[in-house]
Amino acid sequence: MADITFKVFRFDPGTDSAPRFDTFVAPLFKKGLTVLEALFYIQEKLDGSLAFRASCREGVCGSCAMHINGKYRLACETQVSELGSDGVIVQPLGHLKVLRDLVVDMEPFFAKYKYIKPYLMPGSPSPEREWPQTVGEHAKVMPSIDCILCACCHASCTVTATDPDYLGPAALLWADRFARDSRDNSLDERLRLVDQLHGIWRCHTIFSCQEVCPKDLDPTGCIADLKRKAMKRKLFGH
Amino acid sequence: MKYHDVIIVGGGLAGLRAAIEVNMHNLRAAVLSKVYPIRSHSIAAQGGINAPLGNHPRGSYDSWERHAFDTVKGSDYLADQDAVVRMIKDASARIFEMEHWGCPFSRTPDGKIAQRPFGGAGFPRTCFAADKTGHMLLHTLFEQAVKYESAAERGEMKIYNEWIVTSLVVENGVCRGVIALELATGKLEAFKADAVIFATGGAGRLYSNSTNALINTGMGMAVPYWAGVPLKDMEFVQFHPTTLYGSNILMTEGARGEGGYLTNNKGDRFTANYADSRKAMEVAPRDIVARNMTTEILEGRGFEDAYLLLDLRHLGEEKIATRLPGIRDICQKFLGIDPVDQPIPVQPGQHYTMGGIDCDKDGLSKVKGFYAAGEAACVSVHGGNRLGGNSLLDTIVFGKIAGEHASDYVVGKADLGAGDKALEDALAREEEKLKKLLSSTGSEDPSVIKEEMQKAMKDDVGIFRTKEQLGRALQRIRELRDRYKKIRLKHTGAKYNYDLMWNIELGGSLDVAEVIVAGALAREESRGSHFRRDFPKRDDEKFLKHTLAYYTPDGPRLEQSNVNLDHWAPKERKY
Ligand SMILES: Cc1cc2nc3c(=O)[nH]c(=O)nc-3n(C[C@H](O)[C@H](O)[C@H](O)COP(=O)(O)OP(=O)(O)OC[C@H]3O[C@@H](n4cnc5c(N)ncnc54)[C@H](O)[C@@H]3O)c2cc1C
Ligand code: FES
């Protein structure tokens, strides 16, 4: 069993004057060991004060996004062996306030998501059975609906770094997801929310969000889609 | 002290649906959840949700009677038939409602909600959104909750993220509220409410080989149990046939529903060799397939004595990519294999908790104002074995019903806002307990206790059970409970103390584990998921009864209660 050295970001803003890295050595105790399992090993066996979030351990709940060896990713679906190094460096998500160690304040991130009205607005009363939707219409909301709101994109976004009020890739992806839904009938309202100083036009199409997305989604493309819709509306009124 | 009309503990499907209902009744609803709602275990549900919509040509004659009968038969007749009928009659309306709220269900060529076959039904009845149905449903409900968080036309909707409820406050048989710990600060707080709904999910993590999220510790069942509410039918634990070898991540039943094969080391589709799965083959009910797989492995026809193969190759890349993308992604990320060209190594693993907080078909427990819904509850609509696709249905049907009844109860309640004294006393007790735990200088390492508990449950309280195994497990769990009293925490800080959180939960896990083992030992028959090698037959005379477990400091006191058989007389369960 080879040993792996973990350098983990530590910070308690209430008591520490500055963040630090702690070094832990953990054995590669099972085949396919994930970074999340290693963090649990550290918490349970070496240092109980280490704080990090986790729930599903299978890459679907979005709890465990963090910065691992140079990239934002989900700790639970990142195997130590695939990092190709016997040193692992773990840091919290960027552009969000550290509350303790790897736990960051998600509220500003969710506030942006809530701002774009992330729910269907059909504009007419519901039918008795399902709204009809063709396979093709349904395909238009895919794959955006796979977003798990993990905030990897938010943390990697260079525009978010300079404009904290920028709505950011996740919220805009959701705005686009609803704008694409054949059952939705509120495009004006949706565009009004995102066609603004801190909205779609801020995106510089650098694709960092798309590069890190653990679900392989394309927020940059979604933002471009909203830009097109907004332009069309301005030029042709529809 | 905080005050809301109705407090809902749990932000999964059942909890959010209940909260939305309370909010629709213009009452003040608050959701307390130890994780952000969309991090709840519901997010992981894959395959789908059942309803007799009849959208598939092969299922066009489906009806509530058929769906209800399949559910009752699947439950090995332990489900309460009045409750099952109620759930199924409400099923289609709830699915359409989710669709109207925006849930992106997969579609049929003519634009309707698509349905796929699942175990226990002879034709396609399971509505789905690719293989991420739980994700799509939970996001949809979260979206509705977000919508009404800020809407003036409805009651208040408040979500407390990352609060863990440690105690239920009951005064003279009336529920007064809860005590909860805020993870961010480490502070305990009393929450007064006129009604409380628990939707805290399952208890999979009592086992080391579970498909459940890590947060499914069973603590949410322990809290009402400690307060005097019985737990029901806890010995019924579902083992899913196909979980990924090693990590036990679920490979949805939908994979077999779409046509996947199960094969042994001889390359045989072995389900054909067992009387109870000969006809339905891979889509026989879960308990049957899981048992037959275990027999294959025990008799040496598995791989490395541990797993079998789930073969999807013949489905072709397109079907796998559109119908089972999540499965493919998990295989690629966790095993480095692509099911398009390699079979998937699978083994049975703990999956679902049929038992739970005892409540009636309105979600009401024996305590006034205290309700339960979803996997944490036992109404019972799943009896001895839950059909795949029925538990997502359970969450939204009974989430709504519990919300409705709790709201009506609050509207008609005379002593609104009572119970300050009981809550203050309970808060003081919890603070004392917390202080003791944080300052304990014992010698026991709680992580070792957890591992030993999970191993004991996996080894001796699994798919096949005997008196000897269960006796051993009971003794083991009791020893661990004693050792738990002497644990020492590794961290005593206040802010985001996860060492504290996980180990508070461990106390709950141990008591719930004990109830499972005690119930399994007492039930000297085989029914549904509960298979006793020493009592291989179902015994309706003695055991067509629910098991109720009441908390006492020396371990659970067991009682039986009647099963509702309004519609169908029990028959032998054959497929
Ligand atoms: C991998 C997997 C796949 C599945 N697929 C299907 C499927 O295809 N079809 C189907 O019908 N069923 C499926 N199921 C079952 C189904 O997903 C669950 O039964 C259902 O989602 C449970 O929902 P719930 O709302 O009851 O609980 P959960 O979603 O588990 O939510 C529980 C909530 O309670 C909170 N909580 C718990 N304890 C406390 C506490 N003490 N204090 C505060 N908060 C607390 C948690 O934070 C969480 O928000 C699947 C299950 C698994 C494991
Ligand atoms: S723990 Fe859920 S995404 Fe990692």
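In this text the structure is predicted, and so the values were computed from the model without any measurement.

Draft legend 1. The arrangement of the packing of aromatic side chains in detail. Applying the stated criterion across every chain yields a total of 23 aromatic pairs over all chains. With centroids separated by 6.1 Å and ring planes inclined at 10 degrees, the aromatic side chains of Tyr113(A) and Phe142(B) adopt a geometry described as stacked. Taken together, the residues span two chains, with Tyr113(A) in helix α2 (residues 107–115) and Phe142(B) in helix α4 (residues 133–149). Each of the two residues, Tyr113(A) as well as Phe142(B), counts as buried. When the ring of Tyr496(B) is compared with that of Tyr498(B), the centres are 6.3 Å apart and the planes differ by 15 degrees; the resulting orientation is stacked. Site record: aromatic cluster; members linked through ring pairs are Phe109(A), Phe110(A), Tyr113(A), Trp174(A), Phe178(A), Tyr36(B) and Phe142(B). Its guanidinium or amino end placed over the ring of Tyr160(B), Lys158(B) lies 4.9 Å from that ring's centre, counting from NZ or CZ. Stacked on the ring of Tyr3(B), the Lys or Arg Lys192(B) has its end atom at 5.0 Å from the ring centre.

Draft legend 2. The arrangement of the pattern of salt bridges in detail. All told, the structure shown has 90 salt bridges over all chains when counted by the stated rule. A salt bridge links Asp181(A) to Arg177(A), with the shortest nitrogen-to-oxygen separation between them at 3.0 Å. Judged by relative accessible area, Asp181(A) falls into the buried class, the value being 3%. Between Arg476(B) and Glu479(B) there is a salt bridge; the shortest N-O distance is 2.7 Å. With Arg476(B) and Glu479(B) both in helix α13 (residues 467–484) and three residues apart, this pair spans about one turn of that helix. Note on Glu479(B): relative accessible area 34%, which makes it partly exposed. Several salt bridges share partner residues, and in doing so they unite Asp76(B), Asp233(B), Glu235(B), Asp287(B), Arg291(B), Arg523(B), Glu525(B), Arg527(B), Arg538(B), Asp540(B) and Arg573(B) into one network.

Draft legend 3. Quick look at the sheet that holds strand β5 (residues 126–127) of chain B. All names here are of chain B. If you trace the three strands from one edge of the open sheet to the other, you get β3-β5-β4, paired in antiparallel fashion. The outermost strands of the open sheet, each flanked by one partner alone, are β3 (49–50) and β4 (115–116). Sheet topology note: the β4/β5 ladder contains two bridges and is antiparallel. Bridge pairing links glutamine 115 to cysteine 127 in β5.

Draft legend 4. Structural context of the site of ligand 1. Residue and element names in this part refer to chain B. Around ligand 1, 38 residues are found, and the nearest of them are Ser40, His41, Ser42, Glu375 and Ser391. Residue glycine 12 places a main-chain N or O atom 3.5 Å away from an oxygen atom belonging to ligand 1. Glycine 47 is positioned with one of its backbone polar atoms (N or O) 2.9 Å from an oxygen atom of ligand 1. Considered on its own, ligand 1 offers 1,000 Å² of accessible surface; in the complex 99% of this is hidden by protein. Going through the elements one at a time, α1 (13–24), β2 (29–33), β7 (163–171), β14 (344–353) and α10 (390–411) are the ones with two or more residues in the shell around ligand 1. Here the shell around ligand 1 takes four residues from α10, the largest share from any one element. Class assignment for the residues of the shell around ligand 1 results in 15 nonpolar, 20 polar and three charged.

Draft legend 5. The interface of chain B and chain A, seen in detail. Facing the 61 residues of chain B at the interface are 61 residues of chain A. For the pairing of chain B and chain A, the buried interface totals around 5,000 Å² over both sides, and the portion due to carbon and sulfur atoms is 51%. The interface formed by chain B and chain A holds nine salt bridges in total. A salt bridge links Asp146(A) to Lys132(B); the shortest N-O distance between them is 3.0 Å. Applying the counting criterion to the chain B and chain A interface returns 40 residue pairs in polar contact (both at pLDDT 80 or more).

Rules of the game
- Residues numbered from 1 in each chain as written.
- Chains lettered and ligands numbered in written order.
- Predicted model: local features only at pLDDT ≥ 70, side-chain atom pairs only at ≥ 80, totals over all residues.
- Heavy atoms only, no water.
- Phe/Tyr/Trp six-rings, centres within 6.5 Å; stacked < 30°, edge-to-face > 60°.
- Helix = DSSP H or I, 4+ residues; strand = E, 2+ residues; numbered from the N terminus.
- Buried < 20%, exposed > 50% of the residue type's maximum accessible area, 1.4 Å probe, protein only.
- Lys NZ or Arg CZ within 6 Å of the ring centre and 35° of its normal.
- Salt bridge = Lys/Arg side-chain N within 4 Å of Asp/Glu carboxyl O.
- Pairing = 2+ DSSP bridges.
- Near = heavy atom within 4 Å.
- Polar contact = N/O pair within 3.5 Å; in protein donor to acceptor, adjacent residues only side chain to side chain.
- Areas by Shrake-Rupley, 256 points an atom, 1.4 Å probe, with all protein chains shown as cover.
- Nonpolar A, V, L, I, M, F, W, Y, C, P; charged D, E, K, R; others polar.
- Contact = heavy atoms within 4.5 Å.
- Buried area = accessible area lost by both parts, 1.4 Å probe.

By themselves, these figures tell us nothing about what the structure is for.
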